[in-house]
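Summary of the model geometry
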Amino acid sequence: MQPLKSSNFFELLLFLLRRRVRRRIVGRSMLPLLRPGDEILIDPRAYLAQPPHPDDMVWVADPRNAANMMVKRVLAVEPDGSLFIVGLNRAESTDSRHFGTVTPEQVAGRVTSLFSKVQKGISEEA
Amino acid sequence: MLTNVISTLFPAQDVAAHCDGPCGVYDPAQARVHAEAVLSMTKKILALDPSDASHDTINTMSRYIAIKEEEAHSTKTHLLVLWTDFFKPAHLEANPDLHDKFWKAAKLCSECKVHVSLESAQALMAAVEDIHNMFWAAKGQDRPFVTAS
C-alpha cells in the first residue's frame with residue numbers, strides 16, 4: 001500500500017470549495033498508514049461516475065450501524081459489485097472478515113490525502 | 001504547518017478505524033479439531049457401501065458429506081485467521097515458506113471438501129501439524145501436537 005500523500009495546494013483548494021470532507025481518525029485499524037488523531041481529506045463525489053476499485057481507501061458506513069462511518073481499504077471487488085473491505089492492521093480491525101461485504105452504495109467517498117499528522121506522543125489514543 | 005494549526009484549533013469530526021475487540025487469542029487447536037473431523041468423516045464415507053442404495057445409506061452418506069464439507073470450511077476459516085491475523089511480517093524471517101504453507105493448507109481444505117480422499121485428509125492433518133509447530137515456535141513455546149482421536 002502506497003503512503004497517503006499529504007494534502008497539496010489543489011487538495012486544500014478543493015477543501016475550501018467544499019469538495020473535500022475532513023475527518024479525524026479514531027482507532028488503530030489503519031496503522032501503519034493512518035494513526036489515531038491523523039486527519040484526512042475525503043472526496044464524497046469520487047464514486048458518482050465510477051465504482052470503487054481494489055486498493056482504494058474508502059469512507060464507508062458500517063453495515064451494522066449506518067451512523068458509524070469507517071475508513072477501510074478495498075481488498076477486492078466481488079463479481080456482483082460488492083466490496084470486501086479490510087483494515088490495514090488486520091489484528092485490530094473489524095471489517096468484512098466479520099460483517100461480510102459492503103455494497104457500493106454504502107461507500108460515501110474516497111480518501112484522497114492526509115490533511116494533518118497527529119503530533120508524536122498522542123498517537124496511541126484510540 | 002497551517003493544516004496542523006487548523007486541526008488543533010478546529011478538530012474534524014471522527015471517523016472510525018477501530019476494532020470491536022482485538023482479543024489476541026489464537027490457537028491452531030481450533031483448526032486441528034476441524035481437520036480431525038474431516039479425516040474422521042472421510043473414513044466413515046469410505047467405509048459405507050454405496051452399492052447398497054437404501055434410503056438409510058443415502059441418508060447417512062448425505063449427512064457425512066455435509067459434515068465433511070462444513071468441517072473442511074471451518075478448518076480453512078481458522079487457518080486463514082492465523083495466517084492473516086496472528087502471523088506478522090517479522091515471522092517470515094524465521095519461516096520464509098509461511099505463505100506457501102498456508103496457501104497449500106487452504107487448498108487442501110478445498111480438496112477435502114470437493115473430493116473423498118483419505119490421502120488429502122491425512123495431508124491436511126499433516127499441514128495443520130506443521131502450522132501448529134510454526135505457531136508455537138513463533139511464540140517461543142514447545143507444545144506437542146496432540147489429537148483428540
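Our structure is the block above this text.
Below is a short write-up of the structure. All of these numbers come straight from a predicted model, not from anything done at the bench.

All right, on to the overall build of chain A then. Within chain A, the secondary structure is distributed over two helices and six strands. Seen in sequence order, chain A has helices and strands lined up from the N terminus as α-β-β-β-β-β-α-β.

This next bit is on the environment of Met30(A). Here Met30(A) shows up in the loop between β1 (21-26) and β2 (39-43). Once you skip the residues sitting within four places of it in the chain, Met30(A) turns out to touch Ile25(A), Val71(A), Gly87(A), Leu88(A), Asn89(A) and Ala17(B).

Turning our eyes to something else, we now look at the nonpolar core. For soluble globular proteins, nonpolar side chains are generally found buried alongside one another. Counting residues in each nonpolar core, the largest one holds 27 residues, and the members touching the most others are Ile40(A), Val58(A), Trp59(A), Val71(A), Val15(B) and Ala17(B). When contributions to this core are tallied by element, the ones reaching two or more residues are β1, β2, β3 (57-62), β4 (65-77), β5 (83-86) and β6 (107-116) of chain A together with β1 (13-16) of chain B. If near-sequence neighbours (up to four positions away) are discounted, Val71(A) is found in contact with Ile25(A), Met30(A), Leu34(A), Met57(A), Trp59(A), Val111(A), Val15(B) and Ala17(B). With 23 residues, the next largest nonpolar core counts Ala31(B), Leu82(B), Phe87(B) and Ala105(B) among its residues.

Residue and element names in this part refer to chain B. Axis separation between helix α5 (residues 98-114) and helix α6 (residues 118-138) bottoms out at 9 Å; the angle between their running directions is 150°. With respect to their mutual orientation, α5 and α6 come out roughly antiparallel. Crossing handedness for the pair α5 and α6: left-handed. Of the residues in α6, those in contact with Leu98, Lys101, Lys104, Ala105, Leu108, Cys109, Glu111 and Cys112 of α5 are Ser120, Ala121, Ala123, Leu124, Ala127, Val128, Asp130, Ile131 and Met134.

The rules behind the values
Residues numbered from 1 in each chain as written. Chains lettered and ligands numbered in written order. Predicted model: local features only at pLDDT ≥ 70, side-chain atom pairs only at ≥ 80, totals over all residues. Helix = DSSP H or I, 4+ residues; strand = E, 2+ residues; numbered from the N terminus. Contact = placed C-beta atoms within 7 Å. Core = buried A, V, L, I, M, F, W, Y, C linked by C-beta atoms within 7 Å. Buried ≥ 20, exposed ≤ 12 C-beta atoms within 10 Å, placed from the backbone. Axes fitted to C-alpha atoms, helices over the stretch in contact; angles between N-to-C directions. Parallel < 35°, antiparallel > 145°, perpendicular 65-115°, else oblique. Left-handed = near helix turned anticlockwise from the far one by under 90°.

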